[in-house]
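Summary of structural features
So you can see what is in the structure, the chains are spelled out below.
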Amino acid sequence: MTVDLVIANGTVVTADRTLEASLAVDDGKIAAVGDRESMADADEVVDASGQLVMPGVVDPHVHIDGYLSNDSYETGTSAAALGGVTSCVNFAWEAWIGDLSIWDEEGTLLEAVERQKRKGEDSLIDFGLHGVITREDPTVFDELDAVVDEGVTSIKMFTAYEIGLSNGFMNHVFEEVAARNAVAVLHTEDASVCNQLTERLKAAGESHPREYPRARPDYAEAMAAEDAVRMAQEAGAKYYGIHTTCAKAADVLADFQTDGSEVRGETCTHYTALDESAYETQGTLAIQAPPLRTPADRDAMFAHLHDGALSVVSTDHVAFRRADKEVEHWWDSSFGVNGLQTSLPVFHDEAVNERGFSYPFLVRVMCANPARTFGLPGKGTLEPGTDADIVVFDPDEEYTITAADNASVADYSVYEGREVTGRVKKTFLRGELIADDGDVVGEPGYGEYVHRERPDWSPNRQ
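Looking at an unreviewed UniProt entry, the chain carries the name Dihydroorotase family protein, with the source organism given as Haloplanus ruber. The heading Sequence similarities (unreviewed entry) in the UniProt record of the chain holds the text "Belongs to the metallo-dependent hydrolases superfamily. Hydantoinase/dihydropyrimidinase family." What the UniProt record of the chain gives under Cofactor (unreviewed entry) is the line "Zn(2+)".

Given below as structure tokens:
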């Protein structure tokens, strides 16, 4: 008997430990983890001496080929493959009419899911979808059973922008989400506070990007989070707070957590690696919502990742070009930054090299926890029988990040010129090599739509 592939002599990293071992892969699955001598012969052997062998990164928060992103599935997931990301969860936006909309007429949530599944036929990596409710139309509740049956087991809501929902309508959504054992995903900023502060800054002519964080302060994020998570608790709904930026908002999640079974949250790589000083040096290129915060808030993100109030690190990847970002007044800039290609190296450098966190911690917050949180049991792990989504990572290679290497259509990087130690060498998806030493070698369309399960958030399961 032979297997398809053996990755030999590396340091295998799981969510719980590191071990010197080899991995056997057959028919797209992890076949064995152990001594090379005990494994079957292989059609191909990859020598991973001196390198880490980790599960593929699972990014549950990306924007690709839809509202808020210029990336196609091919360009966005090529960037992902180069960054060691083998699975992502994108967004299916319910079409609405408004100043910020890209649609000419309203559409249903189920139509949005089908639209994004079709677009994803060019994906290089596996992907799932969150459904996004963008308007207060109660007919959406008639669709939720069909949406969940399509494997979309999480529903996103906003408290800000023209698609922000009122507390009353959100309260009803939480009830419906709870009834289906799905997950409520929340962007929380108090719209009235942010809008009023923005208008004051505009009136005062405070147009330099350094003023931007004053328009969307940390307390506005925390206020909206507290309302939303309280409603979710009353409804018995699973609550996931996306892109947490600051101590005040993370503290809200911590206050409502008891055994970890109902309230969870993420931060993003840029909130752990950058602070508000980036608006001085990068201007509007660094603008996203919520804003970058203080150095103390960066420290708080790591403190809460350590204590479990936050359990996931995502990218919130959005691909814009400089022309979308470099404007005279910060309030005219497009919100969002790209990061799929650089997230793993940057977070590795910041968390492991600079702050001394362990490699199992890295795997937990970037691989295992997002997979478990969003119903992807075959992902984020190297357990035998699961998908052979694997990253071979050199922890010692030094290089300088530059947008010239971007596979994404984004022509800038908020990490431009940053020297990091640690680089993705190979990325495998279900046993197939899709990125090799900086080159995309996978074929568009090899990635598959993943029909996600209703996740198990039982106590003690991160």
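**Some thoughts on helix α2 (residues 109-119)**
Because an α-helix completes one turn every 3.6 residues, residues spaced three or four positions apart along the sequence face the same direction. For α2, the set of buried residues is L109, A112, V113 and Q116. The arc that holds the buried residues of α2, viewed along the axis, is 100 degrees, so those residues lie on one side. Those residues of α2 that are buried are in contact with α1 (73-82), β7 (85-93), β8 (126-132), α3 (144-149) and β9 (154-158).

**Comments concerning the sheet that holds strand β10 (residues 183-187)**
The strand order across the open sheet built from eight strands is β6-β7-β8-β9-β10-β11-β12-β13, with neighbouring strands paired in parallel fashion. The open sheet has two free edges, formed respectively by β6 (57-59) and β13 (312-314), since each of these has just one partner strand. For this sheet, the mean inter-axis angle between neighbouring strands, taken without regard to orientation, is 30 degrees. Pairing analysis gives seven bridges linking β7 to β8, with the strands arranged parallel. Counterpart to V89 in the pairing with β8 is G128. Lying on the sheet, helix α4 (residues 167-179) is in contact with β9, β10 and β11 (238-241); it crosses β9 at an angle near 170 degrees.

**Focus: empty space enclosed by the protein**
Applying the stated rule across the entire model yields three cavities of 30 Å³ or more. Here the largest cavity is characterised by a volume of approximately 70 Å³. In terms of lining residues, the largest cavity is bounded by L186, T188, E221, A225, Y239, G241, I242, H243, T244, A249, L253 and P290. At the level of secondary structure, the elements contributing two or more residues to the lining of the largest cavity comprise α7 (218-235), β11 and α8 (247-256). Taken together, the residues of the lining of the largest cavity break down into seven nonpolar, four polar and one charged. Considering only enclosed or pocket space, the second largest cavity measures out at about 50 Å³ in volume. Surrounding the second largest cavity, A79, H317, N338, G339, L340, Q341, T342, N406, S408 and S413 form its lining. Considering only residue class, the lining of the second largest cavity consists of two nonpolar, eight polar and no charged.

**What to know about the packing of α8 against helix α11 (residues 295-307)**
A packed helix pair is summarised by two numbers, namely the angle formed by the two axes and the spacing between the axes. For the pair α8 and α11, interaxial distance at closest approach is 9 Å and the crossing angle is 20 degrees. Accordingly, the angle class assigned to the pair α8 and α11 is roughly parallel. Pair α8 / α11 crosses with left-handed handedness. Side by side, α8 and α11 meet where A247, A250, D251 and A254 of the first sit next to D297, A300, M301 and H304 of the second.

**Observations regarding the pairing of β9**
Most of β9 sits inside the fold, with five of its five residues counted as buried. Covered by surrounding structure in β9 are S154, K156 and F158 together with I155 and M157, the residues of both alternating faces. This β-α-β element, β8 to α3 to β9, shows right-handed connectivity. Sheet topology places β9 next to β10; five bridges connect them, and they run parallel. Bridging from a neighbouring strand, F158 pairs with H187 of β10.

**Notes on the layout of surface pockets**
Within this model, the largest pocket holds a volume of roughly 860 Å³. Around the largest pocket, the lining comprises 39 residues; the ones closest to its centre are Y67, L68, L100, Y161 and F335. Ranked by residue count, the leading element in the lining of the largest pocket is helix α5 (residues 191-203), at six residues. A per-class count over the lining of the largest pocket returns 21 nonpolar, eleven polar and seven charged. Roughly 400 Å³ of internal volume is contained in the second largest pocket. R372, G380, T381, L382 and E383 are, among the 26 residues lining the second largest pocket, the residues nearest its centre. Counting residues per element, the lining of the second largest pocket draws most heavily on helix α14 (residues 359-373), at four residues.

Cut-offs applied
- Residues numbered from 1 in each chain as written.
- Predicted model: local features only at pLDDT ≥ 70, side-chain atom pairs only at ≥ 80, totals over all residues.
- Heavy atoms only, no water.
- UniProt positions renumbered as here; feature names shortened; annotations may be inferred.
- Buried < 20%, exposed > 50% of the residue type's maximum accessible area, 1.4 Å probe, protein only.
- Helix = DSSP H or I, 4+ residues; strand = E, 2+ residues; numbered from the N terminus.
- Arc of directions from axis to C-beta.
- Contact = heavy atoms within 4.5 Å.
- Pairing = 2+ DSSP bridges.
- Axes fitted to C-alpha atoms, helices over the stretch in contact; angles between N-to-C directions.
- 1 Å grid on protein atoms, 1.4 Å probe; cavity = no way out; pocket = protein on both sides within 12 Å on 5 of 7 lines; lining within 4 Å.
- Points joined across faces, edges and corners; volume = space filled by probe spheres on them.
- Nonpolar A, V, L, I, M, F, W, Y, C, P; charged D, E, K, R; others polar.
- Parallel < 35°, antiparallel > 145°, perpendicular 65-115°, else oblique.
- Left-handed = near helix turned anticlockwise from the far one by under 90°.
- Right-handed = clockwise from strand over helix to strand, strands pointing away.

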